[in-house]
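# Structural characterization, general
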Protein chains: 2
Amino acid sequence: MEKLKEYVSVKDEDHFYHQGAVELLIFNFLLILTILTIWLFKNHRFRFLHETGGAMLYGLVMGLIIRYVTKSPEVESGTVYECEKLKSGPSTLLINITNQVYEYQYKREISHHNVNGHQGNTMLQKMTFDPSIFFNILLPPIIFHAGYSLKKRHFFRNLGSILTYAFLGTAISCIVIGLIMYGFVQAMVHLGQLKQWEFHFTDCLFFGSLMSATDPVTVLAIFHELNVDTDLYTLLFGESVLNDAVAIVLTHSISIYSPKENPNAFDAAAFFQSVGNFLGIFAGSFAMGSSYAVVTALISFIHLTKFTKLCEFPMLETGLFFLLSWSAFLSAEAAGLTGIVAVLFCGVTQAHYTYNNLSADSKMRTKQLFEFMNFLAENVIFCYMGLALFTFQNHIFNPLFIFGALVAVFVARASNIYPLSFLLNLGRKQKIPRTFQHMMMFSGLRGAIAFALAIRDTDSQPKQMMFTTALLVVFFTVWVCGGGTTAMLTWLQIRSVLVGVDPDEDLKARAASQSAPNLDKNTTKAESAWLFRIWYGFDHKYLKPLLTHSGPPLTSTLPEWCDPVARLLTSPRAYGDQLKDGDTVYIINNDELTANYESSAHIAVPAQDSTASTQATGKEDVQEGDLGLGGYKLQLQQTAGQPQNSLA
Amino acid sequence: MEKLKEYVSVKDEDHFYHQGAVELLIFNFLLILTILTIWLFKNHRFRFLHETGGAMLYGLVMGLIIRYVTKSPEVESGTVYECEKLKSGPSTLLINITNQVYEYQYKREISHHNVNGHQGNTMLQKMTFDPSIFFNILLPPIIFHAGYSLKKRHFFRNLGSILTYAFLGTAISCIVIGLIMYGFVQAMVHLGQLKQWEFHFTDCLFFGSLMSATDPVTVLAIFHELNVDTDLYTLLFGESVLNDAVAIVLTHSISIYSPKENPNAFDAAAFFQSVGNFLGIFAGSFAMGSSYAVVTALISFIHLTKFTKLCEFPMLETGLFFLLSWSAFLSAEAAGLTGIVAVLFCGVTQAHYTYNNLSADSKMRTKQLFEFMNFLAENVIFCYMGLALFTFQNHIFNPLFIFGALVAVFVARASNIYPLSFLLNLGRKQKIPRTFQHMMMFSGLRGAIAFALAIRDTDSQPKQMMFTTALLVVFFTVWVCGGGTTAMLTWLQIRSVLVGVDPDEDLKARAASQSAPNLDKNTTKAESAWLFRIWYGFDHKYLKPLLTHSGPPLTSTLPEWCDPVARLLTSPRAYGDQLKDGDTVYIINNDELTANYESSAHIAVPAQDSTASTQATGKEDVQEGDLGLGGYKLQLQQTAGQPQNSLA
């Protein structure tokens, strides 16, 4: 038998018709405000508040308004109905109320302590959207764009350092934060703020892993605007991109680490299972993402060769590209892997292979589309973070925990960057300077990923405390560290280095530099040259000819007995392109590897060549401040190629 | 006291993590298949199956698989729990089940007869997404794109005819379908298939209004590909765009028409209230949409003038444009108006004013973005329609009703097109030929809007029967009429007329034609020239100078005493542009209006000029079949303008 108290609510048809419109409108309004503000700031060259910081600020104000101005129309909203006969919550509940059947959709399990008066404020409720929207809709474009706009050449040159920071650094950061937080949790237990059994060491590690995802979007935007040293940019960008992937998989692994007996004791079996899980999920996601990209490359390759007319439909090409990339994410999620990791490596691989097979128009379309989606998604997330401070209904503010987290985050960043840089410098021919290390330390902002990981699970009280704290750490780092970037750069005197905009793919620039051999030798000597060269050679000889139209024909790279297969697989265009791709061969065979790469980094003309073997330039939106329309137009014309010139 | 039967379900954490991924993946997969198919078809110039038809076909197959292959994991799913004490359904229901509180979200009210075994197949349930997603997310880009790509000059020339078809024609269609369906309903009552009180005449009219929304997307795509006569294209396109808006508002008005006593009797008060409602909602939505566009125009105008550097951030411009346009839709919905109508007129107004203020790069970006969103949304909707035939759980197939609907739809189309064309031809100097009338009759396809209107309300049995029938009518018309378009065009010998691609805005072409005065005189003489001229004069003298940089400066068009105000409001650029815009003045002052417009319609070179006073060309994706890259490239170069040429 159950007791169901009386309940009255108004539910008119109009409510159904305009469902969701108001909430979406609020977001639109916030984004419009943000854009107008950025516009004003960019015009006055204010750099102390990045668009993400602004979006967060507006979100905060709007959250405040929604919380304290809108009233809860349902008074008795915190009422809990009891039902002894139901053993578990069905996904769909049909209830007969006064002879009318209502359908209810399962939303979530909530702890008793969360059942408070705010539960019923429908406006607050609607503004708190489903975490799955973050993961399925908002994050993929951001991560994909990061992968797609990775400057591959610089990235590979610094691959060793980036991998060290991303894997080892994230692990260090996770453990350091976990340990410090465990200390603070013990203090809280002593002070009576928390019960011992509520917060295990694994919870601290969980918090450590989610807080290890850095998001220096603000810093990178300013770097790009000020043309900061490309190596520093690449180190920071590469590290943050990979570190997100590592942190996500790490968080997942820790959350499923469940020692059999005492949760505070170390269970070796469960630990190794988690490590195995980590490796398995990472590798699986990597494979999933790359294979989708390879499929896209093959599709675009096949019809470039077989149906030459098909590249005349850039809309279809763009659509296919977009859908296959998103599918990489969704397939990984559906298979129990990590979609973010899959979509990241999908982006990298797409840029490497598929991009070459796209028509000139599609190249530009995909680039602009992903740029735009990245821009929107990023600002929606930051707006939402601001909103969440007031609209989320189960915040637990614990000053000690928050203070502990801020300390832990900075200590962990320091024990990640400085020791690892020291170790790396032992092996690197071109050292990572002290100033770079300080800048990397300072750029340890927390952002969308940390927030998204924290919001995934907010059912228990420890998780709610973590969410609240993560949110405040994000606010603090974005506003303080993000706002202080320009000042920090000036103070560390990093600003002075002048580098052209994304010159790493510029054939023209490289050609120009080859005729002017007075190269600046004090640039980074690739510390991972051997790794890079092995991969590059394989890629250049076998993968590129197989998947794109560049590179030498397979007939010349495969052994003779493979000739029939090679002939079948090689694009007829590849023979013609052999000459064009010659300079890559030159690079591979040339011991003075870096000289060639670096030579392009000091051309002052902001030229871009999209027809070169690789991909989009990424943060174009922030470049425009210095580039103006000139850079764009040039690119337009170059991508347009022959047809345009003949019509002009 | 309530009886709640036992209920068991499995709800693991993983389910939460991968929520939605599988469903989205299925849609992605269907869209990828569709794109690959279109690609193949376009390559072989198959025109009997348009992409929308293909998307629908794949959706159908997938729906079949989901329905009969996936199993319902929840066995006792149709169980209804009773609760006497609850008086009404709260939006959030908290239920305590075995000492754990679960939160349930109100989904909908369902009739007793709908509580069937399928209710619990979660896969089916998830594939049936919320109708509000259609209205808030999928429809706006399609409608906006239609408005944004309307060929204004041709549209205004045929304004009288288009308005007649859209308003009078839709009303005729609605009434004719309503009457015929009422006949069939009476027959069904006689045959005992239906009870008298279940289906009123207002229900028939409701069905009539939703079935009056035509969607000739398939036909128009083929028209564009085959370069069919621009006047026929404009008539059909303009009619279908406006007719959607009319049908939506009409459906809304009829659904709220509630005569006090006998629902079959005519209640004059209620009728006039509905008519008033119709006019109010239409005018309100129109005003809402246009004002958002004017605000956008003003914002982009202000910073073009005041902060000249701001147009250097095309990403922000595009973002603002996108968000404000979407806000027009959402605001209208939130205010109880019709978002679709608002977003349609917003699109038209944006194209007319804002487009001129955008930077060259933003012009292209917005165009491509809306094109892409339109493409995706359209195919998602058609996929979903295919899916819905098998995944929707409460279909009611009534052969008599379905047959009646097919008859009614064709009779109504005939009694719309032929009598109105006859009347219009009395007034038009250039008649609408018989062949055009047959083609318009044949192009009365039903599509996304009819479906979306029908799916909004599927609670009662009559509404479910209407939904099922509407779906089948969409299938029939898209496949049969859409597939037969090419054959029909050949049979009616309309194909022969050759017209350049979207030449209506081409200044160059016009200039060329002015020097070559042998104009083809047998083109449409603007029957609405007087209306057009009044509007055009006002627009040209006051609105354009106020909102854009084209047109004469306000100082020359406003009376002398307004000079101080005029000086303040006029863009400094406008003075410089006076010469360029001179030809428009010439047009206004010239009695031989049409000659000038028409002159541009017969240039064979597919040239486009985006710097001209107006807007995007719309169905570019289908043009490419004939245009190739040439058309695109030319446009790229022209939009790029000076900076590009100087860098080239």
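Refer to the preceding data block for the structure.
Residues numbered from 1 in each chain as written. Chains lettered and ligands numbered in written order. Predicted model: local features only at pLDDT ≥ 70, side-chain atom pairs only at ≥ 80, totals over all residues. Heavy atoms only, no water.

## Things to note about the environment of asparagine 425 of chain B
All names here are of chain B. What counts is decided by this rule: Each helix is a run of H or I in the DSSP string that is no shorter than four residues. Each strand is a run of E no shorter than two, and both are numbered from the N terminus. The contact rule is simple, with two residues in contact once any of their heavy atoms fall within 4.5 Å.
Following the sequence through the fold, asparagine 425 ends up in helix H15 (residues 399–427). Along the backbone, asparagine 425 and tyrosine 104 are 321 residues apart, and their C-alpha atoms lie at a distance of 60 Å. Other than its neighbours up to four places away in sequence, asparagine 425 contacts Lys431, Ile432 and Gln437.

## A word on helix H12 (residues 314–334) of chain A
Residue and element names in this part refer to chain A. Quick note on the threshold: How far a helix is expected to stretch is found by multiplying one less than its residue total by 1.5 Å. The rule is simple: take the accessible area with a 1.4 Å probe, protein chains only, and divide by the maximum for that residue type; under 20% is buried, over 50% is exposed, in between is partly exposed.
End to end, H12 covers 29 Å across 21 residues, agreeing with the expected 30 Å (1.5 Å per residue, within 8%). When you tally the buried positions in H12, you get 20 out of 21 residues, the bulk of the element. Looking one or two residues past H12, glycine 336 carries a phi angle of roughly 85°, positive in sign.

## Focus: a nonpolar patch on the surface
Residue and element names in this part refer to chain A. The criterion, for reference: To count toward a patch, a residue needs a relative accessible area above 30% and no salt bridge. Like charges then connect within 9 Å, nonpolar side chains (Val, Leu, Ile, Met, Phe, Trp, Tyr) within 5 Å. Areas reported as accessible are Shrake-Rupley estimates using a 1.4 Å probe. Residue values count occlusion only from the protein chains shown. For this analysis, a salt bridge means a side-chain nitrogen from Lys or Arg found within 4 Å of a carboxyl oxygen belonging to Asp or Glu.
Together, Val61, Leu64, Ile65, Tyr68 and Val69 make up a nonpolar patch on the protein surface, roughly 490 Å² of accessible area in all. You can see leucine 64 is positioned in helix H3 (residues 51–69). Since its relative accessible area comes to 39%, leucine 64 is described here as partly exposed.

## Here's the deal with the packing of aromatic side chains
Residue and element names in this part refer to chain A. So the rule is basically this: In this analysis, rings of Phe, Tyr and Trp, with Trp reduced to its six-membered ring, are considered paired at centre separations within 6.5 Å, and the interplanar angle assigns stacked below 30 degrees, edge-to-face beyond 60, and tilted for intermediate values.
Tallying each qualifying case throughout the model produces 48 aromatic pairs over all chains. Plain terms: the ring middles of phenylalanine 184 and phenylalanine 403 are 6.1 Å apart, the flat faces sit at 75° to each other, and that makes the pair edge-to-face. Remark: phenylalanine 403 occurs in helix H15 (residues 399–427) and phenylalanine 184 occurs in helix H7 (residues 159–190); sequence separation between them is 219 residues. Judged by its relative accessible area of 17%, phenylalanine 184 is buried. Seen from their ring centres, phenylalanine 207 and phenylalanine 401 are 5.3 Å apart, and the 55° between their planes marks the pair as tilted.

## Some points on the nonpolar core
For the record, the criterion: Here, nonpolar core refers to any group of buried Ala, Val, Leu, Ile, Met, Phe, Trp, Tyr and Cys residues whose side-chain atoms link them within 4.5 Å.
Membership of the largest hydrophobic core comes to 296 residues, with the highest contact counts inside it found for Phe223 and Met439 of chain A together with Phe223 and Met439 of chain B. Considering each element in turn, this core owes the most residues, 17 residues, to helix H14 (residues 360–391) of chain A. Each residue touching phenylalanine 223 of chain A, except ones within four places of it in the same chain, is listed here: Val228, Leu232, Tyr233, Leu236, Met439, Ser443, Thr485 and Leu489 of chain A. Core analysis: the second largest hydrophobic core is formed by 8 residues, Leu93 and Ile95 of chain A together with Ile95 and Tyr104 of chain B among them.

## What to know about the environment of leucine 232 of chain A
Residue and element names in this part refer to chain A. Within the element layout of this structure, leucine 232 appears in helix H10 (residues 230–255). With relative accessibility at 0%, the residue leucine 232 sits in the buried group. Distance in space between the C-alpha atoms of leucine 232 and methionine 439 is 8.7 Å, their sequence separation being 207 residues. Setting aside chain neighbours within four positions, we find leucine 232 in contact with Phe223, Phe436, Met439, Met440 and Ile494.

## Digging into the packing of helix H3 (residues 51–69) of chain B against helix H18 (residues 461–483) of chain B
All names here are of chain B. Heads up, the rule is: Fitted lines through C-alpha atoms serve as axes, helices being fitted only where they are in contact, and the angles separating the N-to-C directions of these axes extend from 0 to 180 degrees. Angle categories are assigned with fixed cut-offs, so that under 35 degrees is roughly parallel, over 145 is roughly antiparallel, 65 to 115 is roughly perpendicular, and the rest are oblique. Each crossing gets its handedness from the near helix: less than a right angle anticlockwise from the far helix is left-handed, clockwise is right-handed. Charged means Asp, Glu, Lys or Arg here, nonpolar means Ala, Val, Leu, Ile, Met, Phe, Trp, Tyr, Cys or Pro, and polar covers whatever is left, Gly included.
Closest axis-to-axis distance for the H3/H18 pair is 9 Å, and the angle between their directions is 135°. Classed by the angle they form, the pair H3 and H18 counts as oblique. In this structure, H3 crosses over H18, and the sense of that crossing is left-handed. Touching Thr52, Gly53, Met56, Leu57 and Leu60 of H3 are Val474, Phe475, Val478 and Trp479, all from H18. Within the contact of H3 with H18, the residues separate by chemical class into 7 nonpolar, 2 polar and no charged.

## A closer look at the pattern of salt bridges
Taken as a whole, this structure holds 10 salt bridges over all chains when the rule is applied. A salt bridge links aspartate 361 of chain A to arginine 365 of chain A; its shortest N-O distance comes to 3.5 Å. Residue aspartate 361 of chain A and its partner arginine 365 of chain A are located together in helix H14, separated by 4 residues, close to a single helical turn. Aspartate 361 of chain A sits in the buried class, given a relative accessible area of 1%. For arginine 413 of chain B, the salt bridge identified is with glutamate 239 of chain B, shortest N-O distance 3.1 Å. You can see arginine 413 of chain B sitting in helix H15 and its partner glutamate 239 of chain B sitting in helix H10 (residues 230–255), a full 174 residues away along the chain. Taking the relative accessible area as the measure of exposure, arginine 413 of chain B reaches 2% and is therefore buried. Here the salt bridges do not stand alone but share partners, grouping Asp361 and Arg365 of chain A together with Lys367 and Glu371 of chain B into one network.

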